[in-house]
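Residue-level structure breakdown
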Amino acid sequence: MTEAEVGALIRDYGMLIIAPLAVLEGPVVSVISGYLAKAGLVSLQLVFGVLVVADLAGDILLYVLGRKGRAGMALPWLARFGVTRRRLAQVIRAFRKNDARILVIGKLTHSAGFAVLLAAGMARMPFVRFLALNLLATVPKVMICLALGWWFGAISDRIGNWLLGGTLMVFFFVAVFAVYHLKSRQRSEK
């Protein structure tokens, strides 16, 4: 496939790919979409709307999962991120006291988002309030991620060589350290 053919596919079907991926991983897809918008492959306004709706859809799914009491199904996944029943219970208690602040911070930090969105449902946060606060946090988050992708798209050609050189340098130092570490270990075992 040529570069022109790939560009045509993205222009024709990009939103059909971006929307479901954004439900699963909004920030990364938003940055990539900003890059695609800078390249003229997708409409910036259209992709912004799609990303906001997709991000909200994913958040609503987690809210509903928490609200319907299915958090027990999510606990094995949460445990991979260090979230235990005890920690989740603490988040729910805190959520009931200060829901707006926790929801917005959880959305903006992204790392805590999964647990916070489940906790919002488990704490029985009113859905309209959840949706309004979530929208207030989602819009600037998507804008920032799109801007990062747009900016990266503007400088990607210039920094490509820097990244390659930096990657090779890091690889070299890791290899030297690994060899040194193995030699030191062999000496200490003798």
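The paragraphs below set out a description of the structure included in this document. Numbering of residues begins from 1 in every chain and follows the order in which that chain's sequence is written. Local features in this predicted model are restricted to residues whose pLDDT is 70 or higher, and side-chain atom pairs enter the listing and the counts only when it is 80 or higher, whereas totals over whole chains, interfaces and linings include all residues. Only hydrogens and water are set aside when side-chain values are computed; all heavy atoms of the structure are taken into account.

Turning our eyes to something else, we now look at the environment of Leu135. Looking at the element boundaries, Leu135 is found in helix H8 (residues 127-189). Between buried and exposed lies partly exposed: a residue is buried under 20% and exposed over 50% of the maximum accessible area for its type, with that area taken using a 1.4 Å probe on protein chains only. Using a relative accessible area of 37% as the deciding quantity, one classes Leu135 as partly exposed. Sequence spacing of Leu135 and Leu56 is 79 residues, and the spatial spacing of their C-alpha atoms is 7.1 Å. Throughout, a residue-residue contact means that at least one pair of heavy atoms, one from each residue, lies within 4.5 Å. Beyond its immediate stretch of four places on either side in the chain, Leu135 contacts Val52 and Leu56. In this description a helix means any DSSP run of H or I spanning at least four residues, a strand means any run of E spanning at least two, and both kinds are numbered starting from the N terminus.

Pairing of aromatic rings covers Phe, Tyr and the six-membered ring of Trp, with a centre-to-centre limit of 6.5 Å; geometry is then stacked below 30 degrees between planes, edge-to-face above 60, and tilted otherwise. According to the stated counting rule, one finds 4 aromatic pairs in the structure shown. Where Tyr63 meets Phe130, the ring centres are 4.4 Å apart and the plane angle is 25°; that geometry is what we call stacked. With a gap of 67 residues between them, Tyr63 in helix H3 (residues 44-67) and Phe130 in helix H8 connect regions that are remote in the sequence. Residues Tyr63 and Phe130 agree in their burial class; the two are buried.

On to the nonpolar core, then. Definition used in this section: a nonpolar core is a set of buried Ala, Val, Leu, Ile, Met, Phe, Trp, Tyr and Cys residues joined via side-chain atoms within 4.5 Å. In this structure, Phe95, Leu103, Ala120, Met125 and Phe130 are the most contacted members of the largest nonpolar core, which totals 16 residues. If you list the elements that add at least two residues to this core, you get H3, helix H5 (85-97), helix H7 (113-122) and H8. No other element matches H7, which puts 5 residues into this core. For Met125, the contacting residues outside a window of four places in its chain are Tyr63, Arg67, Phe95, Asp99, Leu103, Ala120, Phe130 and Leu133. The next biggest cluster of nonpolar side chains, apart from the first, holds 15 residues, and it includes Met15, Ile18, Leu41 and Val47.

Mapped onto the secondary structure, Val139 falls in helix H8. What makes Val139 partly exposed here is its relative accessible area of 25%. Placed 84 residues apart in sequence, Val139 and Asp55 show a C-alpha to C-alpha distance of 9.6 Å.

To continue, consider a nonpolar patch on the surface. Judged by side-chain polarity, Leu9, Tyr13, Leu16, Ile17, Leu21 and Leu24 come together as a nonpolar surface patch covering roughly 640 Å² of accessible area. Residue Leu9 is classed as partly exposed on the basis of its relative accessible area, which comes to 37%. Patch rule: a residue counts if its relative accessible area is over 30% and it has no salt bridge; like charges are joined within 9 Å, and nonpolar side chains (Val, Leu, Ile, Met, Phe, Trp, Tyr) within 5 Å. Accessible areas in this description were obtained via Shrake-Rupley with a 1.4 Å probe; residue shielding takes into account the shown protein chains only. Criterion for a salt bridge: a side-chain nitrogen of Lys or Arg within 4 Å of a carboxyl oxygen of Asp or Glu.

A positive phi angle, near 60°, is found at Arg124, a position not held by glycine. One can find Arg124 in the loop between H7 and H8.

Relative to the assigned elements, Lys141 resides in helix H8. Only four residue types enter the charge count, namely Lys and Arg as positive and Asp and Glu as negative; His and the chain termini do not. For Lys141, which is buried and forms no salt bridge, the nearest opposite charge comes from Asp55, at a distance of 5.3 Å. Any N or O atom pair separated by 3.5 Å or less is treated as a polar contact, with the protein-specific requirement of one donor-capable and one acceptor-capable atom, and with residues adjacent in sequence counted only for side-chain atom pairs. Polar contacts involving the side chain of Lys141 include one to the main-chain carbonyl oxygen of Lys107, which spans 2.8 Å.

A word on the packing of H5 against helix H6 (residues 99-109). Interhelical geometry of H5 versus H6 gives an angle of 120° and a closest axis separation of 6 Å. Compared by their axis directions, H5 and H6 come out oblique. Where H5 approaches H6, its residues Ala94, Phe95 and Lys97 are matched on the opposing element by Asp99, Ile102 and Leu103. By residue class, the composition of the contact of H5 with H6 is 4 nonpolar, no polar and 2 charged. Convention adopted: a line fitted to C-alpha atoms gives each axis, helices being fitted over their contacting stretch, and angles between N-to-C directions are expressed from 0 to 180 degrees. Note on terminology: angles under 35 degrees are roughly parallel, angles over 145 are roughly antiparallel, angles of 65 to 115 are roughly perpendicular, and the others are oblique. For this classification, the nonpolar set comprises Ala, Val, Leu, Ile, Met, Phe, Trp, Tyr, Cys and Pro, the charged set comprises Asp, Glu, Lys and Arg, and every other residue, Gly included, is treated as polar.

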